[in-house]
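# Chain and residue survey
Letter by letter, the chains look like this.
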Amino acid sequence: MSEVSSNSQSTELTSQYIAQVTGDLERNAKEQERVAAEVEALQEQLRALQHDHTVLVNMQDALGGPSPAPEAEAAVAPSVPHQASAEPKQSKGKKAAVTSAKKTAPKKPAAKASSVKASTAEAKPTLVELIRGHLEKQSEPRSAAEITTALTQAHPDRSVKTTVVRTTLEGLVAKSHAHRTKQGSSVFYTTAVTSEPAPAEPQQEAVSD
């Protein structure tokens, strides 16, 4: 009788352990799915932020703001003196060659960067120009989402984000190049009508005549 009772007890314990392990496995699988979904969402946010960062850097270059290229050159430049100080036994000829290389090296990348910026500026209009041109053609206020949709349809080769368009519109408002109106929770933008450019053309024609 004792053997039968012990066998029944061990069977119950085994079934309890199996049920507990099964439940733990199910919870573990659900937790993995949840974490994987969060990681995927964070990766998507990271990709969107990286893309927005690239677009904003291009906008900054197009607007004539400080480009990151000089900072990169400044960060690389101090490494050369450290190498020279680490080798004090170099001859004067080698030191003179290094200093001459320092003076001539930064000029070529600057020239290349300026030529690249000039070519890109001539090839495509900037996002600011596209937004201003679109607003000038509209008779009614437009939201940032509507402007993004219109620019995406008109320029399918360019990646236009609503966040970047909204930032650009706020910049135009700050410069008095556009007006902002709020209707409920929505914000709409219109072009700023200026009277200065209108009489400029007839004056130039009068001079040319």
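Here the structure is shown first, and the text comes after it.
Residues numbered from 1 in each chain as written. Predicted model: local features only at pLDDT ≥ 70, side-chain atom pairs only at ≥ 80, totals over all residues. Heavy atoms only, no water.

### Quick look at the pairing of strand S1 (residues 178-183)
Walk down a regular strand and you will see the side chains alternate between the two sheet faces. Relative to strand S2 (residues 186-191), S1 is paired through six bridges, and the arrangement is antiparallel. Residue Gln183 lies in a different strand from S2, and its bridge partner there is Ser186. Between S1 and S2, which pair antiparallel one after the other, the connecting turn spans two residues, and Gly184 there sits at a positive phi close to 70°. (Pairing = 2+ DSSP bridges. Helix = DSSP H or I, 4+ residues; strand = E, 2+ residues; numbered from the N terminus.)

### Observations regarding the pattern of salt bridges
Under the defined criterion, the tally for this structure stands at five salt bridges. Asp24 is the salt-bridge partner of Arg27, the closest N and O atoms lying 2.2 Å from each other. With Arg27 and Asp24 both in helix H1 (residues 2-62) and three residues apart, the pair spans about one turn of that helix. Assessed through its relative accessible area of 35%, Asp24 is described here as partly exposed. Glu170 serves as the salt-bridge partner of Arg180, at 2.5 Å between the closest nitrogen and oxygen. (Salt bridge = Lys/Arg side-chain N within 4 Å of Asp/Glu carboxyl O. Buried < 20%, exposed > 50% of the residue type's maximum accessible area, 1.4 Å probe, protein only.)

### A look at helix H6 (residues 127-137)
Along H6, the residues classified as buried are Leu127, Val128, Leu130, Ile131, His134 and Leu135. Buried residues along H6 cover an arc of 165° about the axis, so they all sit on one side. Turned more than 90 degrees off the buried face of H6, the exposed positions are Glu136 and Lys137. (Arc of directions from axis to C-beta.)

### Focus: the side chain of His134
Here His134 lies in helix H6. When sequence neighbours within four positions are dropped, the list of residues in contact with His134 reads Ile147, Ala150 and Leu151. (Contact = heavy atoms within 4.5 Å.)

### Observations regarding helix H7 (residues 144-154)
Every buried residue belonging to H7 is among Ala144, Ile147, Thr148 and Leu151, and all of these are buried. For H7, the buried positions fall inside an angular range of 100° around the axis, keeping them on one side. Its buried side turned inward, H7 meets H6, helix H8 (162-174) and S2.

### Remarks on the nonpolar core
Core analysis: the largest hydrophobic core is formed by 17 residues, its most contacted members being Leu127, Ile131, Leu135, Ile147, Leu151, Val165 and Leu169. Tallying contributions element by element places H6 first for this core, with five residues. (Core = buried A, V, L, I, M, F, W, Y, C linked by side-chain atoms within 4.5 Å.)

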